Structure formats: C-alpha cells, structure tokens
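Letter by letter, the chains look like this.
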2 protein chains.
Amino acid sequence: MAAKRRRSAQQEHAADVATYVAAGGEESVQRVITAVYAVTKKLDQWYVRQFADLDLTQGEWSVLAALARAGDTCLTPSQLADLSNVAPSSMTHRLDKMSGRGLVQRRPDETNRTRTLVSLTTDGWALFSAAVRESNVVESDTLRGLSTPERHELARLLEIVIEGLDDVDA
Amino acid sequence: MAAKRRRSAQQEHAADVATYVAAGGEESVQRVITAVYAVTKKLDQWYVRQFADLDLTQGEWSVLAALARAGDTCLTPSQLADLSNVAPSSMTHRLDKMSGRGLVQRRPDETNRTRTLVSLTTDGWALFSAAVRESNVVESDTLRGLSTPERHELARLLEIVIEGLDDVDA
DNA sequence: CTCGAATATTTCGTATTCGAAGTTCGATAT
DNA sequence: ATATCGAACTTCGAATACGAAATATTCGAG
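Bear in mind the structure is a predicted one, so any value in this text is a computation, not a measurement.

Parameters at a glance
- Residues numbered from 1 in each chain as written.
- Chains lettered and ligands numbered in written order.
- Predicted model: local features only at pLDDT ≥ 70, side-chain atom pairs only at ≥ 80, totals over all residues.
- Heavy atoms only, no water.
- Least-squares fit on C-alpha atoms with pLDDT ≥ 70 in both.
- Contact = heavy atoms within 4.5 Å.
- Domains from an automatic or database assignment.
- Near = heavy atom within 4 Å.
- Polar contact = N/O pair within 3.5 Å; in protein donor to acceptor, adjacent residues only side chain to side chain.
- Helix = DSSP H or I, 4+ residues; strand = E, 2+ residues; numbered from the N terminus.
- Nonpolar A, V, L, I, M, F, W, Y, C, P; charged D, E, K, R; others polar.
- Salt bridge = Lys/Arg side-chain N within 4 Å of Asp/Glu carboxyl O.
- Buried < 20%, exposed > 50% of the residue type's maximum accessible area, 1.4 Å probe, protein only.
- Buried area = accessible area lost by both parts, 1.4 Å probe.

Draft legend 1. Up close: the relation of the copies chain A and chain B. Taken as rigid bodies, chain A and chain B are interconverted by a rotation of 180° and an axial shift of 0.0 Å, the fit giving an RMSD of 0.0 Å. A rotation of that kind, with that shift, is consistent with a two-fold axis. An overlap of 100% is found between the interface residues of chain A and their copies at the interface of chain B, pointing to a shared contact surface.

Draft legend 2. Local environment of the domain arrangement of chain A. Its domain assignment divides chain A into domain 1 (1–53) and domain 2 (58–128). On a C-alpha basis, the centroid separation for the pair domain 1 of chain A and domain 2 of chain A is 32 Å.

Draft legend 3. The protein's contact with DNA strand C, seen in detail. Lining the immediate surroundings of DNA strand C are 21 residues, of which Pro77(A), Ser78(A), Ser89(B), Ser90(B) and Arg94(B) lie closest. The sugar and phosphate moieties of DNA strand C supply 77% of its atoms located within 4 Å of the protein. Note that a phosphate oxygen of DNA strand C is positioned 3.3 Å from one of the backbone N or O atoms of Thr116(A). Side-chain polar atom of Arg94(B) to a phosphate oxygen of DNA strand C: 2.9 Å apart, as the coordinates give it. For the surface near DNA strand C, the elements supplying multiple residues, two or more each, are helix H4 (77–84) and helix H5 (88–100) of chain A together with helix H5 (88–100) of chain B. For the surface near DNA strand C, the element with the most residues is H5(B), which contributes five residues. Taken together, the residues of the surface near DNA strand C break down into four nonpolar, 12 polar and five charged.

Draft legend 4. Seen up close, the pattern of salt bridges. Under the criterion given, the structure shown has 12 salt bridges over all chains. In this structure, Asp16(A) and Arg69(B) form a salt bridge, with 3.9 Å as the shortest nitrogen-oxygen distance. Of this pair, Asp16(A) sits in helix H1 (residues 9–22) while Arg69(B) sits in helix H3 (residues 58–70), which puts the two residues in different chains. Note that Lys97(A) and Glu60(A) form a salt bridge whose closest N and O atoms lie 3.3 Å from each other. Of this pair, Lys97(A) sits in helix H5 while Glu60(A) sits in helix H3 (residues 58–70), and the two are 37 residues apart along the sequence. A residue is classified by how much of its surface remains accessible, and Glu60(A), at 6% relative accessible area, is buried.

Draft legend 5. Structural detail: the interface of chain A and chain B. Counting residues at the interface gives 76 residues for chain A and 76 residues for chain B. Here chain A and chain B share an interface that buries about 7,600 Å² over both sides, 62% of which is from carbon and sulfur atoms. Between the two partners, chain A and chain B, sit six salt bridges. Arg31(A) is paired through a salt bridge with Glu159(B); the nearest N and O atoms lie 3.0 Å apart. The interface formed by chain A and chain B contains 29 residue pairs in polar contact (both at pLDDT 80 or more). Mapped onto the side of chain A that touches chain B, the elements with two or more residues apiece are H1, helix H2 (27–53), H3, H4, helix H6 (122–142) and helix H7 (148–163) of chain A.

Here you go:
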C-alpha cells in the first residue's frame, strides 16, 4: 500500500483498466465499469462504519431501504430477498431479527395465506431516516469534486444506463 | 413486481430518489448515488450467473482480480483482505481453497517471515482472462444505451470522483 | 369436487464469514 | 542483548448465508 501511495488514484485506475483491456475487455466499457466499482467499494466501506453507530448491518439496511422505497405498499419476504440479492431462506432469519428488534412487522396476507406481508414500524422509519441522513454526509463528501451541473450530467448518463438495465437479460 | 412493471426504470428510480430526499438526503447527491447502486446491483446479479459457468464465486473473483491488477507484484493475505473488503481470517480459508484448486500459490517472504506472498498461477491467469472476456459481454450490454462520447464523459466524471475518494476519511 | 402442479415460506444441514484470541516473527528502546 | 510492543497470519467459536427438502396454500384440469 505504501508503495502505491505515490501514484494518484487516477493512475491506479488507469493501470487497472489497462489490465482488464489486456485480458480482453473493451476500453470504453472497462473505464466506466471499473470506475463504478471503485466508487461503490469505497462507499461500502464507509457504510459499514457509519451504520455500526446505528447498530445496523448492510443486510439490514437493504431491507430497511427496500421497505421505505415501497412506501405504503407492503412487501413479501420473497420480494425483499430479490431486492436484497439474497436467498429467501436468508431473509427469514433476517426478518426474525429485525422484527424482534421492532424495526419491521410481519402480518399474514388475508387474500393469499401463503404470503406474509412485511412493513416498517415507526421505529423502522425513524432508523431509516437516521441512516439516510448519516450516509448523506459521506455520499456528499464523495461527490464534492463535482459541480452541480456535473452532478446532473453524471446522474443523467447513469439514468440512461438504468433505463436499459431490465432489457439485458431478455 | 408485476404492479411495478408498468412503470419505467426511470420513474422507479425517480421515486426512490424522492424517498431518500424526503428522509433528509440532498437531491443532487441521491440522484447519483442511487443510480450508481442500481447499476452495480444489476451487475452483481449477472456476475453471479456468469461466473457460475467458470465455477467462480464473487469472493474468489475479487482475489483473482486484485492479483491480476497487481501484475508482477505479489500481494499478502492482509492486502488481499483489504482489497476484497473481507476480514483477514476469511482470506485464509479462501486462499486455502483457491490454492488447492491451483489458481494461486503461497510462498513465504524471505525478507520477513511473518509475511506470506500470494501470486497467480498460470491457471489463475487463464481463469482471470476468461472471466474478463465473459463479463465484458454483460458490461458492454449494460452500456449499450450510451454513445462512445457519452461513455467517455461518464468515465471522466467518475474518475473525478475517484480522485477525491482517498481524502474523504482523512 | 378432487387431484396434481405451482407458489410462498420456513426448516435444516452445510459452507462461508466475522471477531477475538493465539502464535510467530520483526522492530525499537533500554 | 533482551524485553516489550507491534505486525501478520492462522485457529476457533459464533453468526450469517445458501440450497434442498418440508410445509402450507392457491390455482387449474379433469
């Protein structure tokens, strides 16, 4: 690490891209994908530390965020598993813990009794809100090198990518 | 899911951002960060499926990629743990498996016998190369909505973010 | 109406991960 | 020289995750 500390993050990134290109990747693709992963990797590290203050793991956060984004709509354990990228069986235990802590509540779906509906409690909403405000600090710091127009341009380009995301596996 | 299928990924994304903003996040920040995570989440799903063909987990891939990016330089288990965002103790077992499979090799550092030096074998390099070429397919598909100039612009903006990444925790 | 297939969740055994303690080696101060 | 502190890796027990089988309910075909 100390040896690499002399090189700027830019140079490091450029060298990484070169490695992928040498292995058979396309330059214009690898430049973007490698950069995206460099950002999320750093963000993930910060989230772990930030959320530790709130006694929240990344897995629990993903459940909290999914339910918050769903708004009033309740979600099933299966949907939460999909949204969190984990196996359904893993979600069972995660929800056990979180409901035991009073963050979420489970209730049977009256119209289909094989289903269980999960929703945030008041405490769950409060924790979500606290987590958003905490993480916004590091996220904002992450983007401090970009002007407001640049942020909008970056968001615009990423949103184009998102738009085509669901069509790829088809 | 079926209910949400009518809404475009754009609208879905905009609603998610609105949720974070309502909880106390800044709009220009949340638009970018949420989009970045939407992209990596989808990519992660594809990686799992693609790498299954090569009998490779994401954890093993992160080791392979870290060693490949290091080039000729050997890395220690601690460095690999840092680069892979896992605990050192987890890396021990992971390297056991991978060296048993002939992908990496461990050898003692002559200058400091507390250290172990890890490097890719020929098979490890071959698997890395195969994985890059496989993943380049979906990565390329992911960016197909962007023109070449747009990809460069996206890369440029992300690289500005990367440049400031290491200064944040200070 | 009933049987069989499909869906949703949970249970269970195995594998992976983490954090803490243990072990070995290197560096520094006395 | 040696004693102590720190660094690097591993081992161990607990927690978490996964996949397959088990359970319960719904839906459709005959």
